[in-house]
Amino acid sequence: MAYSYMIPSISSVPSGYDCTVVAPVDRLGPYLIRGRGRVRQTISVYSEGVKVLAHEEVHEYRDSKRMGQPTAPFVWRDGLGDAAGYLENSFQAADGEQIFLTNAVVPFYAIYNKPGKKSFFSDNAYLYASPPVIAQIAKYGQYIDGYPAVRVDRERDYGESIIFINPYHKPLKARILTSHGSSIAGVRVPPRSARMQSLEPLLPDGANSWCGQIQITATNRVIAFDVKHSLRDPQTISDHEHLDPYRGEPTHFPATQWLRLIAGRWMVRHGLR
Amino acid sequence: MAQQKSTGTASTSEAPGVERPMPDKIICACANLDFAKLQEAVAQLSHDSFDALLARTGAGKTCTACLLDLEYYFVELKAGFDSPSGLRHGVGEKPRQRQSLKQRIYGWLDSISPPIPWSPDNWIPIIAGRGIETWLNVTNHDLLFRDRMTAPLQTTVTLWSGEGMRLTQRRLRIQPGEEARVRLDEEISRGSPVSKSIVVGSARIVTKAEFPAMRGTMRPQFEIVAPAGACAVHVHGVTGPGDTWFTVQNRRGDERLFLAIINAAGSRQSIEVAMPLGPASVDDSSAERVRLMLAPHGAALQEVLLSDAAARAVGSTPFGIRIRCERAHKVFLLCATRSLDRFSVDHP
């Protein structure tokens, strides 16, 4: 099967940080039929419904290697004010031909930092057709995502938020609920926009801290990341992680399959395959 | 210290599931697109993207209520059109392909074989230091997945010191609707040199369901809780032998980067850390190298420090770090403030 495109991916652009995208353009060769072709890379940054930046490059591949000089990584300079945004990266055949062996997203990290702040790293998400999300829609007909390690603590200044990214043309509404029965309803995300929703309102009545699991659901598919930050200053971010969608796999599998797995590993370890 | 608590489940509307629709079922009312027309559109542009499908049909663009279904049908229908045998299959069905004799024998053996629990071998670093705690979180809540067939989880946590000494083993049993949060750093910091501001050990995490059920959502997560902030990441299976890569920037004025390297093998192994490497910095032959020898199940915290010459050559350009291991291993990247009061943690 051949494709003229790879599924675009989304990285979040939180305010208060520069974002360096180290897209794997040097590793694309093996994804091309006969290791050759011309690939157009497009990076677009959106915020508050507006495409605020577009960047395009064409890369040429021969014998699975990229031709020409090393490319400089794409850097988005913090400039959205208090608004969050998102970045879409896509690879397409420059001449429209079917040159890709697969259309699966090539994973990569973005590096976020700013002078005086430590960095954090985050991976990219499928714009659409993410396999676990498709499996989940098949099973439940509803978009649900989750995260089990929320920790909000007013005394220790531990804040936490969900960044919701809506890359579509209409607004969506999301809801967050917890394992102890609290919820935040009606999180509205306008089209082509991102919203950072604090999880502080999930603190139980009278409590200063809470650890637990959340799930989110929305009227449409939404791309979400969990961000751990200072409660007083949400633009001081410690960590930025993807959520953990439903996995429809069984917990058990046939013993004969396990034996084949063990035998395969043994053969690989001993250079027999 | 271990906390285990039981909480209620919150659930909302009935989750209907997605079935194969009739050909005349309207998928997008705004664009008057039924399932038959959708199939036809996907077949016609089977080499094109989801965005192209939306552009061509006009579906999913007005009220957008159908976008989730459109995305699902697009992937499922394309999988049918793209199957190697050229046979087309319906939504929710596996592609029909001619199976080889080997596949048929394996299929028959699997059908008569008893089921065994999937219990991947996961390793995590345990970070300990002044005001720094490491926690393990295992949850078994359904919440919105209320029709999931659930089973109690058994989690075995085995702790090793950085020198590879086995410290403790704990067994947790987590019922559906429960979660376990276990602090792991105390055993690691006990007995470690007082002079060290930060020390590392490791834990092997094996989680399995007590009887056949659905895996659901939640992989165990480990958290590093420091004085000014917390970070967390899900547990990850063992890799190697082979190379693990990270891409970072040299910002030693603002942060400290560490590689938490775990030897998951039962024998000693030599590990080479090489940096800085491409794409735009220094080639392999001139990279700086550090060699570590780890005891069986031992762990090391290797700070990422470039020489002044390498730092000047790299500037602010991202560079690669290669960790070459000869046996099973796991490596995590920690990025901390200079004062070690806030961390982030990532896997390759």
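As the structure is a computational prediction, the values presented were derived from the model and not from experiment.

S.K.: How would you sum up the overall build of chain A? Please name residues and give values.
M.R.: Along its length, chain A carries two helices and 20 strands. Its C-alpha atoms put chain A at 65 × 55 × 35 Å along the principal axes. By residue count, 45% of the 273 residues in chain A fall in the buried class.

S.K.: With reference to specific residues and values, describe the interface of chain B and chain A.
M.R.: Across the boundary between the two partners, chain B contributes 72 residues, which contact 72 residues of chain A. The biggest single contributor to the side of chain B that touches chain A is strand 13 (residues 229-234) of chain B, with six residues. Class assignment of the residues belonging to the side of chain B that touches chain A gives a composition of 37 nonpolar, 20 polar and 15 charged. With three bridges joining them, strand 20 (residues 252-254) of chain A and strand 4 (residues 115-117) of chain B adopt antiparallel strand pairing. In the strand pairing of strand 4 of chain B, His-252 of chain A is matched with Pro-117 of chain B.

S.K.: Account for unusual backbone geometry, with residues named and values stated.
M.R.: Residue and element names in this part refer to chain B. Of the consecutive residues Gly-240 and Pro-241, the connecting peptide bond is found in the cis state with omega at 10°. As for its placement among the helices and strands, Pro-241 is situated in the loop between strand 13 and strand 14 (242-248). Note the cis peptide between Met-275 and Pro-276, where omega equals -10°. By the secondary structure assignment, Pro-276 is in strand 16 (residues 269-279). A positive phi angle, near 50°, is found at Asn-32, a position not held by glycine. Summarising the element assignment, Asn-32 is placed in the loop between strand 2 (26-28) and strand 3 (33-34).

S.K.: Describe the domain arrangement of chain A, and please don't skip the residues or the numbers.
M.R.: All names here are of chain A. Here chain A is described as being made up of domain 1 (5-126) and domain 2 (131-242). Every contact between the two is made by 20 residues of domain 1 and, on the other side, 20 residues of domain 2. Mapped onto the side of domain 1 that touches domain 2, the elements with two or more residues apiece are strand 1 (5-13), strand 3 (37-47), strand 7 (85-93) and strand 9 (117-123). For the side of domain 1 that touches domain 2, the leading source of residues is strand 9, giving four residues.

S.K.: Run through the sheet that holds strand 5 (residues 122-129) of chain B, naming residues and quoting values.
M.R.: All names here are of chain B. One open sheet accounts for four strands, arranged 5-10-7-8; its pairing is antiparallel. Of all strands in the sheet, those with a lone pairing partner are strand 5 and strand 8 (166-174), marking the two edges. The average undirected angle you get between the axes of adjacent strands in this sheet is 25°. The pairing of strand 5 with strand 10 (residues 198-209) spans eight bridges and is antiparallel. For Asn-122, the partnering residue across the bridge sits in strand 10 and is Ile-205.

S.K.: Would you mind going over the environment of Ser-193 of chain A in detail, with residue names and values included?
M.R.: Residue and element names in this part refer to chain A. With respect to the secondary-structure elements, Ser-193 resides in strand 15 (residues 193-198). For Ser-193, a count of 22 C-beta atoms within 10 Å corresponds to the buried category. Between the alpha carbons of Ser-193 and Leu-261 there is a distance of 44 Å; along the sequence they are 68 residues apart. Residues within four places of Ser-193 in sequence aside, it is in contact with Ser-47, Glu-48, Gly-49 and Asn-166.

S.K.: I'd like a rundown of the pairing of strand 4 (residues 50-62) of chain A, residues and numbers included.
M.R.: Residues and elements named next belong to chain A. Across eleven bridges, the pairing between strand 3 and strand 4 is antiparallel. Each bridged residue has a counterpart across the sheet, and for Gln-41 the counterpart in strand 4 is Glu-57. As consecutive antiparallel partners, strand 3 and strand 4 are separated by two residues, and within that stretch Glu-48 has a phi angle of approximately 50°, a positive value. Of the strand pairs in this sheet, strand 4 and strand 5 (residues 65-66) are connected by two bridges, and their pairing is antiparallel. Paired with Arg-62 across the two strands is Lys-65, which belongs to strand 5. In this structure, the hairpin formed by strand 4 and strand 5 is closed by a connection of two residues, where Asp-63 is found at a positive phi of approximately 50°.

S.K.: So what's going on with the sheet that holds strand 20 (residues 329-336) of chain B? Which residues, and what values?
M.R.: Sheets are built from strands that pair by backbone hydrogen bonding, the pairs being arranged parallel or antiparallel. Residue and element names in this part refer to chain B. Read from one edge of the open sheet, four strands run 18-15-20-21, paired in antiparallel fashion. Of all strands in the sheet, those bounded by a partner on one side alone are strand 18 (299-303) and strand 21 (343-346). On average, adjacent strands in this sheet sit at an angle of 25° to one another, irrespective of strand direction. Here strand 15 (residues 256-263) pairs with strand 18 via five bridges, running antiparallel. Bridge assignment links Ile-262 to a residue of strand 18, and that residue is Ala-299.

S.K.: Before we move on, can you summarise the environment of Asp-153 of chain A with the specific residues and values?
M.R.: Residue and element names in this part refer to chain A. Within the secondary structure layout, Asp-153 lies in strand 11 (residues 143-153). Take Asp-153: there are 19 C-beta atoms within 10 Å of it, and that puts it in the partly exposed class. Sequence-wise, Asp-153 and Ala-224 are 71 residues apart; in three dimensions their C-alpha atoms are separated by 22 Å. Setting aside residues no more than four positions away along its own chain, Asp-153 makes contact with Tyr-158, Asn-208 and Ser-209.

Definitions and cut-offs
Residues numbered from 1 in each chain as written. Chains lettered and ligands numbered in written order. Predicted model: local features only at pLDDT ≥ 70, side-chain atom pairs only at ≥ 80, totals over all residues. Helix = DSSP H or I, 4+ residues; strand = E, 2+ residues; numbered from the N terminus. Buried ≥ 20, exposed ≤ 12 C-beta atoms within 10 Å, placed from the backbone. Contact = placed C-beta atoms within 7 Å. Nonpolar A, V, L, I, M, F, W, Y, C, P; charged D, E, K, R; others polar. Pairing = 2+ DSSP bridges. Domains from an automatic or database assignment. Axes fitted to C-alpha atoms, helices over the stretch in contact; angles between N-to-C directions.

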